[in-house]
Each structure stands twice: as C-alpha cells, then as structure tokens.
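This is what each chain is made of:
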Amino acid sequence: MLVLFETPGGFALFKVLDEGRLSNVEDLGKEFASPDSARKMVKLKAFDKFDNTSEALEAVAKLLEGAPSKGLRKFLKANCEGETLAVADSKLGNVIKEKLKIDCVHNNAVMELLRGVRSQFTELISGLGDQDLAPMSLGLSHSLARYKLKFSSDKVDTMIIQAIGLLDDLDKELNTYAMRVREWYGWHFPELAKIIQDNILYAKSVKLMGNRINAAKLDFSEILADEVEAELKEAAVISMGTEVSDLDLLHIRELCDQVLSLAEYRAQLYDYLKSRMNTVAPNLTALVGELVGARLISHGGSLLNLAKQPGSTVQILGAEKALFRALKTKHATPKYGLIYHASVVGQAAPKHKGKISRSLAAKAVLAIRCDALGDGEDNTMGIENRAKLEARLRNLEGKDLGRLSGSAKGKPKIEVYDKDKKKGSGGLFTPAKTYNSAADSLLGQTSSKSVAEDSVEPSKKSKKKEKRKNKEVEVEDEPEKEEESKKKKKRKKAETETEAVEVAKEEKKKKKKKRKHEEEETSETPAKKKDKKDKKKKIKD
Amino acid sequence: GGGGGRGEGGAWRGRGSDRGRGPGGRRPGGRGPGGRGPGGRGPGGRDPRSKPGGRAKVGLNGGSKVIVEPHRHAGVFIVKGKEEALVTKNLVPGESVYNEKRISVENEDGTKVEYRVWNPFRSKLAAAIFGGIDNNWIKPGAKVLYLGAASGTSVSHVSDIVGPEGCVYAVEFSSRSGRDLVNMASKRTNVVPIIEDARHPSKYRMLVPMVDVIFSDVAQPDQARIMALNASFYLKTGGHFMISIKASCIDSTVAEEAVFANEVKKLQAEGFKPAEQLTLEPFERGHACVVGGYRMPKKQKAT
C-alpha cells in the first residue's frame, strides 16, 4: 500500500513496509515514536517537488477543490501501478479512483498512519529539513491566503497614492527645469523667452536650432505657428544676446532633452494614473474624475481610511487650514476643499457651488465605500449618482430661471370640476362655443341694442388705436381684452362684468405689480410702468 | 435690574461656552484628514507612550520608571510601575499590532528591549495567565496551532512568546479578519496564516506539521469535536491543548458549570486528559479555560 503525503515542498509517496501492523490502530502511534521504527514502517518511494511557489499554489488550490492537479496525476500514474493508495481526503480518493483507476482507501488506520508519517516526515524525507520547510510553508500559506482572499494586486491603492505624489513632483521639476532652460538660453537669445510662452515648445525650439544663427535656415513649422516662426526668425537676426560656445549649447540641448522626456513621461504617468483609478475606485472616478479622486485617496491615506470618513469631512478635505482657522475665530467654515476641482462643482454657478459641493460629497462617500468595501467591479453606481447630481444642478439653476420668468401665483384659479355647477359654463371645462359677433364686419349697421353694444366696441377699438400711454384708454382697453380673451364670461354679461373687472383691475393695478398672466397683461405692464414714470415726471415738473 | 443683568450675563457665558464646544463637536472625523499615510492612527502608533485605543492605563504613563521582571511562565513578563501589566517581548520592535502600548527598557549593557502590553480584557490567553494557570505550554520554541485567530491580536503575543524558533499556525475562516491576520503575519515570519474552516483540518494538511500545543478560541457549539479533529491530525502524542469555552455559546439555557463539565467529558472521550479548569472572571463573563494533555503516555507504575 502506498501513502500519499502532501508537504509544502511537494508530494511524497510512501510505501508501507509492514501492512500487518495496520490492523492494530491504537499501537500504530507507537510505531512512529522514533525515526528508526518509523523507517521500518514506511519507506519513501517517490517525491515530486514543486518547482516554484506558483506551481505549489496551483497544485494545492486544485487539491482543496477536491481534484488532483496535472502534476499530481502524472506523479501518481508513474508510481502507483497496482497499489492501493491511502489518502487523507476521501473526496480526493474518489476522484483519483475515477480518473486514474487507482484504488484509494481512507479510514482510521490511514489517519493514524498519516499522523505517524507527519510526526517523522523530516526524518523520512531525506532532502527536506525543518529549516527548508519553514520558509516553503510560509510562502505557500501566504499565497494560499491571498488566493482565498482574492487579493488582486491591481486593487492596491498604494499605487495611486505614489502616482499622484510623483505627478505633483514631476510638475514641480518640469517647471524648475523649464525655467532654467529659459534663463540659460536667455543669455544667448533673450527675445525668444517672450516670443514662445509655452515651456515645451521653447525647449523644442532650442533643441532644434541650438545657436540662433541657425534659426534663419531651419524650418520650425512642426513646432511653432507661422507668425511665431516669422517673429522668431526676425528676432534671431537682431538679437542682443551674447555668443555661446558649442560646448555650452551642448549642455543646454541636454537640458532641453531632459525637459522633453520629463514632459512625455508625465503624460504617460497621467494615463497610468487614470487606468489605475478606474481599476481601484471606478465609482469614485465616475463621480468626481480621476485626478480629484486620486487626490482624495492620497489625502485620506488609503481608500479604506477614506471610506471611514463622513460626507462632511470629504467635502472639506484639503481645506483644513481654512477650516480650523474659521473654527477658532468663530467665522464661517469653508464650503469646499479638494472637491472644488470636480467638474460638477466647476459647472455650477458660484452661488450654487456650495450646495453642489455638499451633495457631491454625500454621493462621493457612498461611491468610496462601495469601492473600498463592496464586491462590485463596475462603475454603475457612480454613473447613476452623477446623473442624479446633474439633475440636481439643473434643478437649482432652473429655480433661478423660474423666478425670473414668473410663477403660478396670480394665475386665474383653475376651478374644481363640478358637473352640477350652474354658474359659468356649468360642468364644462371650456364654455360652449358661442358665436362671437364681435368678429363681424360692422360696416353699415343700424342702431339697436346690439348695434349700440357694437358701437361701443368699435369706439373702444378706435380708442385702442390711440396712444396707449393714456390711462383712460387702458381702462377701456381692458374690457375689450376680456372679450377678446373670451374666457368664462358670457357675452350678455360682458359689459357688467367688464365693469366689475375694470374695478378689480384698477385695484390690482394699485397693488404691487405681479407676474404676467396673459399676453395682454404683459404688454400692459410695460405700458403701465411707462405711465407711472410719466406720471412721476409730470409731478416733478 | 443688576441681578437680572448678571443672570443674563451668566446665561450668555454659558451659551458662549457651548458655542466654544460646538465647533469642536463639528470638527470632522477627528484627526482623520491628517493624511499621515496608511498608518491608521499614526500618532498613536509612533509614540510608544501614547494611550492605547482600549482602556487607557492610568499608571503606565510616558516617562514613568518601570521594572520588568519575568513571569513564572517562560516568555511572559510583568511590568511593574504604579500599576502592573502583563507584557511580551516584541518580536518586531517599533511596531504596534493593534495600537497597544509599548514599553522600552534599557538593559545594563545599554541595549534597548521593547515589550508590548498584553490586555487581558481583549485576549483570552492573557486572561488565563492573569488568572493563574499552573502550566502554560506555549513557551519559547514551541509549535502552536491557534484555532480562531481573528485579526491576530492574541496571535501576535503568542508569536512573541514562541520567538523565532517556534512557529504559530493561525487558522481563521472570516475574510475580513483574515485580511488583518495576513497583514500581521507579513511582518512576523513565525506566523503562518491559514484562511480555512477549522472544522476541516484536512484542508490545511500541507501547511501544518505536528505541533506541540493547540490553542482553541473558536466559540462554536461543536468546539470539542473541532478540537478533537484537529488534534487527531496535528497534535503530537503527549502534546497539550488549551481551550477557551464560552458557556452561552454551547448552551445558553443550562448553568455554566454544567456546560463546562459537559465539555470536559466530551474532551475526555476523545483522548484528551484535562488537567485544570480555570474561570476567566473578572475579564470575561461565562468563560472558562481548560488546559490538559493529549494521548499522554500512561505513567509506568513504579515497581
């Protein structure tokens, strides 16, 4: 019978020398009390070493799922012909039996045997001492633990913190070197500093031309715009800078190379940061953007630390100096910190920035917690919240516009539908359409009541054609407008009602000016205003 | 008039003081936005004399003179100042595992030794030692299988005790705690973290050799069976065990003593020889610690 024994170094196959003793389970332990007696019981037949930790991890992981790995299968096939195999796990035994047709056995005797082997296996396996085993076991356990915990090295936020630190450092360095190039080359060609404002273009130009004498011959079209190039060439001829030797130019050129390579690396680093942010914290990135997200994580120390902060903290992270100063002197605390640079806050009007920053901070902490502690890999939550925030922003701005364009206050009250109502148009929403004789042509009409009415109207109409600045005209305009608007009032009541309306309108006029109701009234109000102004002028005069 | 004015002045002052405290209350997240890197409570960790997060010890303040003497059990020490505390020698000097206090003492030859305070309210093993168990089998150089390692706070102290020659195999099933355990184990090379269910010891058979002691703090109703299974795999003949039994976890309706007696019987049936039982009062309520041997060789009768 063979015994399969797994060690952190590899798989071991022992041959049981004395199978008779197996029947006496209790005394089996005694057989393994000393290395010599152990060697009499079992002998190492074969040992399959793991080549490296990753192979070990793979083999062991498969073993834990209950399946033999390829290496194990090969090993067993090579060594287990015609023997029964004692295994520690009955499930594994079944699978081995199925796949490799090797009989497996698992019972108390086997357990005792394994116990014994385990207590002596450093002696039984000659190549594997205690000292070798310990680091192997440690390494394997850590890899296994990481595998179990689904530790993904992509999701480490230390990279983000380092990357953003490096980005800031790079910016500073780039600026320092670029300034140095300007200063140094300015000895030779001072006018160039004013002609080319951008640092990178400056460095490129300097690199291309070297000595300013070469400027006339060379073509700067890839680097500069045409006018700038022309300016440059002009200035090169009449420059008041000193001459510099080739060696100096060589060094200046080297410095320019440095500047350009740093700039290129900075672009690469930014791309790297963006990709890392999308892996580590996709929801936060969707909400505030990569740069702001990375700064928040870096400020908080780690993503998990940041997840423990409340929304109000995240809102003013980065403005601690202002915050504590305000708290000490009992002034207003700052409304935003690092969050100010998020695009949503940037889009808002200045007076809404505070509100949006607070809402954004509240959603941002949810996104951070989702990323730090949740299992999701996507950014759906971040995108949803971003949509909500943008809706809120629109709402906030909409409120302002609404205030300017008028509100429902002062609009005629919409009456409740009552089918039995007798007044007005009864149960109808809109009054029944009646013939509007006001639209009739009025030429050649004889005087009758209707004619009288009609005559009143044309007179009114004619008066309407007069200058509207006259207040009386306005009073008479209104009944006309009422009729024209032909809302709930019936024509027979028109006159009386218009008079009543007149009075009401006068009262309304006397009240503070309200929002526009109907088109006629809006056209009225500027007229009213003008009228008032005229009145005032008259008084003053 | 005057009295009323004074009353008002007093009231105003009261409100003013409230206002003074108010902004303090509004301060966001304590020292959170300090941005001191992933050190968590950075200032607490860096300063060895700072107060720990748990119960702040009144006596052992920074700068006070203390004497360190070895405990009866090897590997454990007692620090005596205004108050006494149990400490272990820090295997990784300069680092706190769970923001516990650290004490640096200078030897006669000038070398500094650092000790970490062991809180008996947080660790069952410390509570047992404080309570006065006769034999502590967790000694320097021992191999210990620790079931129920949680975040590794007690495991770190066991690792301190067994030292670099010994080894601690810490088994913990929960992923959250397991993460902390792995982090702690990455700093200490004598801790082997195992993220598996202790109910299936065959799952970590390729990582654990025979051990000298098994310590179990799993708080499960079938503790005894778990212990027995693990012992049959890994505990050497003549090895020892320590198990912390929580009465309410096994059976909350029966009296504590009955629960403990039951568990002891179960253990005896599995080949364990319980040698002593100790209650963990006043540190834990309803807990007992049972220490004993496994498959002890029968004493030869002197003839």
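These numbers were taken from a predicted model, which means no experiment stands behind them.

**Student:** Mind showing me how you'd approach the sheet that holds strand 3 (residues 42-49) of chain A here?
**Tutor:** The strands making up a sheet associate through hydrogen bonds between their backbones, and the pairing can be parallel or antiparallel. Residue and element names in this part refer to chain A. Read from one edge to the other, the open sheet built from five strands follows the order 3-2-1-4-5, with strand pairing classed as mixed. Strand pairing shows two members of the sheet lacking a second neighbour, strand 3 and strand 5 (104-105), which therefore form its edges. Alignment of strand 4 (residues 85-86) against strand 5, held across two bridges, turns out to be parallel. Note on strand 5: the bridge partner recorded for Ala86 is Val105.

**Student:** What is the right way to read the interface of chain A and chain B from this model?
**Tutor:** A common way to express how large an interface is: the accessible area buried when the components associate. Opposite the 39 residues of chain A that make contact, chain B presents 43 residues. Across the chain A/chain B interface, buried area totals approximately 3400 Å², and carbon plus sulfur atoms make up 61% of it. Our count for the chain A to chain B interface comes out at three salt bridges. One salt bridge in this structure joins Arg205 of chain B and Glu6 of chain A, with 2.7 Å as the shortest N-O distance.

**Student:** Would you take a moment to explain the packing of helix 6 (residues 223-234) of chain B against helix 8 (residues 256-269) of chain B for this structure?
**Tutor:** Two measures define how a pair of helices packs: the angle their axes make with one another and the distance between the axes. Residues and elements named next belong to chain B. Direction vectors running N to C along helix 6 and helix 8 enclose 25°, while the axes themselves pass 9 Å from each other. It follows from the interaxial angle that helix 6 and helix 8 lie roughly parallel. For the element pair helix 6 and helix 8, the recorded crossing hand is right-handed. Here Gln223, Ala224 and Met227 of helix 6 come into contact with helix 8, specifically with Glu263, Lys266 and Leu267. When the residues that make up the contact of helix 6 with helix 8 are grouped by side-chain class, the tally is three nonpolar, one polar and two charged.

**Student:** What am I meant to see in the sheet that holds strand 8 (residues 191-194) of chain B here?
**Tutor:** Strand order in the open sheet formed by seven strands is 8-7-6-9-10-12-11 (chain B), with mixed pairing between adjacent strands. Two strands in the sheet have a free side with no partner beyond their single neighbour: strand 8 and strand 11 (272-279) of chain B. Between one strand axis and the next, the sheet turns by 15° as a mean value, whatever way the strands run. As paired elements, strand 6 (residues 143-147) of chain B and strand 9 (residues 211-216) of chain B share four bridges and run parallel to each other. If you follow Leu145 of chain B over to strand 9 of chain B, its bridge partner there is Ile214 of chain B. Running over the sheet, helix 7 (residues 130-148) of chain A touches strand 6, strand 7 (167-171) and strand 8 of chain B and is turned about 35° from strand 8 of chain B. In the packing of helix 4 (residues 153-162) of chain B onto the sheet, the strands contacted are strand 6, strand 7 and strand 8 of chain B, and the crossing angle to strand 7 of chain B comes to about 165°.

**Student:** I'm lost on a positive patch on the surface in this one. Help?
**Tutor:** A grouping of Lys62, Lys70, Lys74 and Lys99 of chain A is seen on the molecular surface, where their side chains present a positively charged patch. Within the fold, Lys70 of chain A resides in helix 4 (residues 70-79).

**Student:** Explain a negative patch on the surface to me, please; I cannot follow it from the model alone.
**Tutor:** Together, Asp226, Glu227, Glu231 and Glu234 of chain A make up a region of like negative charge exposed at the surface. Inspection of the secondary structure puts Glu234 of chain A in helix 11 (residues 226-237).

**Student:** I would appreciate a short explanation of helix 19 (residues 353-373) of chain A in the present structure.
**Tutor:** Given 3.6 residues per helical turn, the α-helix brings residues three or four places apart onto the same face. All names here are of chain A. A rise of 1.5 Å per residue sets the reference length of helix 19, with its 21 residues, at 30 Å; its end C-alpha atoms lie 29 Å apart and thus fit the reference within 8%. Along helix 19, the positions that sit buried rather than exposed are Lys353, Gly354, Ile356, Ser357, Ser359, Leu360, Ala361, Ala364, Val365, Ala367, Ile368 and Asp371. Buried residues in helix 19 make contact with helix 12 (246-280), helix 13 (282-288), helix 15 (303-307), helix 16 (311-315), helix 18 (343-347) and helix 20 (380-405).

**Student:** Just to check I follow, could you spell out the nonpolar core for this structure?
**Tutor:** For soluble globular proteins, nonpolar side chains are generally found buried alongside one another. Judged by nonpolar contacts, the single largest core of 65 residues is most densely connected at Tyr185, Phe189, Leu192, Met209, Leu232, Ile297 and Leu360 of chain A. With twelve residues, the single largest contributor to this core is helix 12 of chain A. Split by domain, this core shows at least three residues from each of two domains, domain 2 (159-269) and domain 3 (281-400) of chain A. Those residues within four positions of Met209 of chain A in sequence are excluded, and the remaining contacts are Tyr185, Phe189, Leu192, Asn214, Ala215, Leu218, Phe220, Leu232 and Arg253 of chain A. Membership of the second largest hydrophobic core comes to 63 residues, among which are Leu2, Phe50 and Leu76 of chain A together with Cys167 of chain B.

Scoring rules and cut-offs
- Residues numbered from 1 in each chain as written.
- Chains lettered and ligands numbered in written order.
- Predicted model: local features only at pLDDT ≥ 70, side-chain atom pairs only at ≥ 80, totals over all residues.
- Heavy atoms only, no water.
- Pairing = 2+ DSSP bridges.
- Helix = DSSP H or I, 4+ residues; strand = E, 2+ residues; numbered from the N terminus.
- Contact = heavy atoms within 4.5 Å.
- Buried area = accessible area lost by both parts, 1.4 Å probe.
- Salt bridge = Lys/Arg side-chain N within 4 Å of Asp/Glu carboxyl O.
- Axes fitted to C-alpha atoms, helices over the stretch in contact; angles between N-to-C directions.
- Parallel < 35°, antiparallel > 145°, perpendicular 65-115°, else oblique.
- Left-handed = near helix turned anticlockwise from the far one by under 90°.
- Nonpolar A, V, L, I, M, F, W, Y, C, P; charged D, E, K, R; others polar.
- Patch = residues over 30% accessible without salt bridge, like charges linked within 9 Å, V, L, I, M, F, W, Y side chains within 5 Å.
- Areas by Shrake-Rupley, 256 points an atom, 1.4 Å probe, with all protein chains shown as cover.
- Lys, Arg positive; Asp, Glu negative; His and termini not counted.
- Charge placed at Lys NZ, Arg CZ, Asp CG, Glu CD.
- Expected span 1.5 Å × (residues − 1).
- Buried < 20%, exposed > 50% of the residue type's maximum accessible area, 1.4 Å probe, protein only.
- Core = buried A, V, L, I, M, F, W, Y, C linked by side-chain atoms within 4.5 Å.
- Domains from an automatic or database assignment.

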